[in-house]
Structures are given as structure tokens and as C-alpha cells.
Amino acid sequence: MEKQIALGQTGQTYGRLAAIIKKAAHIAGAPLRLLGRYYSLVLERDVNMRQTKAITEAQLAFFATVMPADMHILLHVAACAWFIFALKKCRSMMKE
């Protein structure tokens, strides 16, 4: 009885799976790319992906600090700390 291993099909399967994952990641990142273009228009300068993520994080931290009025005081303090950290991060990213 001969022992043969078909390696070609396994490589093709992994290649197709990698292509599907890459395409899904590209589609999932589309809203962030659109947001980056919007920030570029508003700020009148080029904004890269890292800067877009930093600006978005600062906005999320702001809303987490301001919006929920009936939150526990420790959660408010944590949200304020996150907001300060996010602003510092955003400021350092925008200097690039």
C-alpha cells in the first residue's frame, strides 16, 4: 500500500481562509477609514489611522465621562482618568 500525502489542497485551503479573513478585516475597518477621512477634512490636514483611533478614543472617553449621570462616583473617576489619558495620547499622536 502506498502512502501519499496531498499537500497542495491544504495550502490552498489555508490560502483561501487567509484571503477571507483579510477581506473581512478590510470590510470591518471601512467605517474607521471613513471617519479618518472626515477628520482630515475637518482638521484640514492628513490624519492617519493611529491618529484616527486616538481621536475616537478621546471622544468615547468624553462621552463615558459626561453622559451617564447616575453612575457610581468611582466609575466617574475612572472615566475621568481615561479621558485625561486619552487626551494626552491624542495630543502626542497629533504632533506626529
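The structure this text deals with has already been given above.
Below: a short report on this structure.

What counts and what doesn't
Residues numbered from 1 in each chain as written. Predicted model: local features only at pLDDT ≥ 70, side-chain atom pairs only at ≥ 80, totals over all residues. Heavy atoms only, no water. Helix = DSSP H or I, 4+ residues; strand = E, 2+ residues; numbered from the N terminus. Rg over C-alpha atoms; globule rule 2.2 N^0.38 Å. Buried < 20%, exposed > 50% of the residue type's maximum accessible area, 1.4 Å probe, protein only. Areas by Shrake-Rupley, 256 points an atom, 1.4 Å probe, with all protein chains shown as cover. Lys, Arg positive; Asp, Glu negative; His and termini not counted. Charge placed at Lys NZ, Arg CZ, Asp CG, Glu CD. Core = buried A, V, L, I, M, F, W, Y, C linked by side-chain atoms within 4.5 Å. Contact = heavy atoms within 4.5 Å.

When its secondary structure is counted, the chain shows 4 helices and 0 strands. Put simply, the chain runs from its N terminus to its C terminus through helices and strands in the order α-α-α-α. Taking 2.2 N^0.38 as the reference for a compact globule, 96 residues should give roughly 12 Å; the C-alpha atoms of the chain span a radius of gyration of 22 Å, well beyond that estimate. Seen through its C-alpha atoms, the chain measures out along the principal axes to roughly 75 × 40 × 20 Å. Burial analysis of the chain (96 residues in total) assigns 21% to the buried set. With the model as given, the accessible surface of the chain reaches about 8000 Å², and the carbon-plus-sulfur share is 68%. The averaged location of the 6 negative side-chain charges in the chain is 4 Å from the averaged location of its 13 positive side-chain charges.

Let us now look at the nonpolar core. Residues Tyr 39, Val 47, Ala 54, Ile 55, Ala 58, Ala 61, Ala 86, Cys 90, Met 93 and Met 94 constitute the largest nonpolar core, which totals 10 residues. Counting residues per element, the ones that place at least two in this core are α3 (49–66) and α4 (73–94). With residues up to four places along the chain from it excluded, the contact list for Ala 86 reads Glu 57, Ala 58 and Ala 61.

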